[in-house]
Amino acid sequence: MPVINVDGLRVSYTDTGSGMPIVFVPGLAGSKDWFDYQALGLADHYRIISYDLRQTRGQNAYNLDVLVDDLARLLSRLRIFAAVVAGHGLGGLIALKFAAVHPECSPALVLCSTTPSFPHSSDDEFISHMLPGEIKFESAIIRWWKKWFGCNNANGRNALTNCLTNIDHATLTRRLDILRSSDLTPLLGDIEVPTLVVASTDDVPYVLAGSQILEEGIPDTNLEIIEGADRFYFHTRHDLFNALIADYLSEKIAQF
């Protein structure tokens, strides 16, 4: 996978296809590899980009604004001046704030299983809601193995679990703090771009409620609830998820 230097920050990312760029932003401890099926299924008509969020690396400043700025600088470094931003969970908060701060840079949003304001749940509750498996803080040898031999691409949650970011404890703690402290509800009325909100019947109640808040608060919004799907429908129901995105963008964005 390519790595790019963005103002001193090394960002691991994927970039495939051509056409209108869609950048997929992972959540809590997800990775760029979670969106392999979007790269496979949408790259015939779109340029599909995904990337890994930064870790703290001992930095004091690690907040939502930093993560939003990372996205803006990555797109600038790739010479992408406008892109559809699709975020899952925490990535949805990043997408929302990005659209509010850089309205000229995103012609549409896709918000997946997210809410403008997360509850003050415990760490364990958040992790169980948002991740398909147990977080493991891996040794250097395991990280080296994954770097060179990649993730297991088998279907199902095992592939997602195997592709969890090699996240350190400090970073996970800070990201959980961002979920608890962020409330983007006041920004919703200022989002001027078409927004597709996606959730599943297996999402936790506060995510389903948050999806409705997004639908009611953002002026131009479509809400799609995927029946009978789990929370990782971008992987387990990828054909349907990809079709939702393609149909929505073809309807809302006639020309890029």
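In this report, we go over the structure that sits alongside the text. (Residues numbered from 1 in each chain as written. Predicted model: local features only at pLDDT ≥ 70, side-chain atom pairs only at ≥ 80, totals over all residues. Heavy atoms only, no water.)

## Remarks on the packing of helix α2 (residues 64-77) against helix α3 (residues 90-101)
Between two packed helices, both the angle of their axes relative to each other and the distance between the axes serve to describe the pair. Note the cut-off: Only the contacting stretch of a helix is used when fitting its axis, a line to C-alpha atoms as for every element, and angles between N-to-C directions run 0 to 180 degrees. Secondary structure elements follow DSSP: runs of H or I of four or more residues count as helices, runs of E of two or more count as strands, with numbering from the N terminus. Any angle from 65 to 115 degrees is called roughly perpendicular, while one under 35 is roughly parallel, one over 145 is roughly antiparallel, and all others are oblique. We call two residues in contact whenever any of their non-hydrogen atoms come within 4.5 Å of each other.
Closest axis-to-axis distance for the α2/α3 pair is 9 Å, and the angle between their directions is 70°. On the basis of the axis angle, α2 is roughly perpendicular to α3. Residues Leu 64, Asp 65, Leu 67, Val 68, Leu 71, Ala 72 and Leu 75 of α2 form the contact with α3, whose own contacting residues are Leu 93, Ile 94, Lys 97 and Phe 98.

## Describing helix α7 (residues 169-181)
Quick reminder of the rule: Given the number of residues in a helix, its expected span is that number minus one, multiplied by 1.5 Å. Residue burial is assigned from relative accessible area. The probe radius is 1.4 Å, only protein chains are included, and a residue is buried under 20% of its type maximum, exposed over 50%, and partly exposed in between. Any N or O atom pair separated by 3.5 Å or less is treated as a polar contact, with the protein-specific requirement of one donor-capable and one acceptor-capable atom, and with residues adjacent in sequence counted only for side-chain atom pairs.
The end-to-end C-alpha distance of α7 is 18 Å, a good match for the 18 Å that 13 residues give at a rise of 1.5 Å each. Buried residues of α7: Thr 171, Leu 172, Arg 175, Leu 176, Ile 178, Leu 179 and Arg 180, and no others. Close packing links the buried residues of α7 with α2, α3 and α4 (123-130). The opening residue of α7 is Asp 168, an N-cap whose side-chain oxygen sits 3.1 Å from the backbone nitrogen of Ala 170.

## Focus: the packing of aromatic side chains
Using the following cut-off: When the centres of two rings from Phe, Tyr and Trp lie within 6.5 Å, Trp using its six-membered ring, the rings pair. Their planes under 30 degrees apart give stacked, over 60 give edge-to-face, and anything left gives tilted.
A full pass over the atoms with the stated rule returns 10 aromatic pairs. With a centroid separation of 5.1 Å and 25° between ring planes, the pair formed by Phe 24 and Phe 35 is classed as stacked. Here Phe 24 is found in strand β3 (residues 20-25), whereas its partner Phe 35 is found in the loop between β3 and α1 (36-42), with 11 residues between them in sequence. For Phe 35, a relative accessible area of 4% puts it in the buried group. Ring plane angle 80° and centroid distance 5.9 Å describe the contact between Trp 34 and Phe 232, whose orientation is recorded as edge-to-face. One end of the pair, Trp 34, is in the loop between β3 and α1; the other, Phe 232, is in the loop between β8 (221-226) and α9 (233-236), and 198 residues separate them in sequence. With a relative accessible area of 2%, Trp 34 lands in the buried category. Put simply, the rings of Phe 24, Trp 34, Phe 35, Phe 232, Tyr 233, Phe 234 and Phe 241 touch in pairs and so form one group of aromatic residues.

## With respect to the pairing of β8
The criterion, for reference: Pairs of strands are assigned from DSSP output, requiring at least two bridges between the strands.
Where strand β7 (residues 195-200) lies against β8, 6 bridges are found, and the strand directions are parallel. Residue pairing for β8: Ser 200 is matched across the bridge by Ile 226.

## A short note on the pairing of strand β2 (residues 9-17)
Note that strand β1 (residues 3-6) and β2 share 4 bridges and pair antiparallel. Bridge assignment links Val 3 to a residue of β2, and that residue is Ser 12. Between β1 and the antiparallel strand that follows it, β2, lie 2 residues; Asp 7 among them carries a positive phi value of about 50°. The pairing of β2 with strand β4 (residues 46-51) spans 5 bridges and is classified as antiparallel. Its bridge partner being in β4, Thr 14 is matched across the sheet by Ser 50.

## Considerations on the sheet that holds β4
Taken in spatial order, the 8 strands make up an open sheet running β1-β2-β4-β3-β5-β6-β7-β8, and their pairing is mixed. Across the chains shown, the open sheet's two edge strands, defined by having one partner strand only, are β1 and β8. Averaged over neighbouring strand pairs, the angle between their axes works out to 25° when direction is ignored. Pairing of β3 with β4 involves 5 bridges; the strand directions are parallel. The residue bridging Pro 21 from the neighbouring strand is Arg 47, located in β4. This element, helix α8 (residues 205-217), spans β6 (109-112), β7 and β8 of the sheet and lies at about 160° to β8.

Keep in mind that these numbers describe shape and distance, not what the molecule does.
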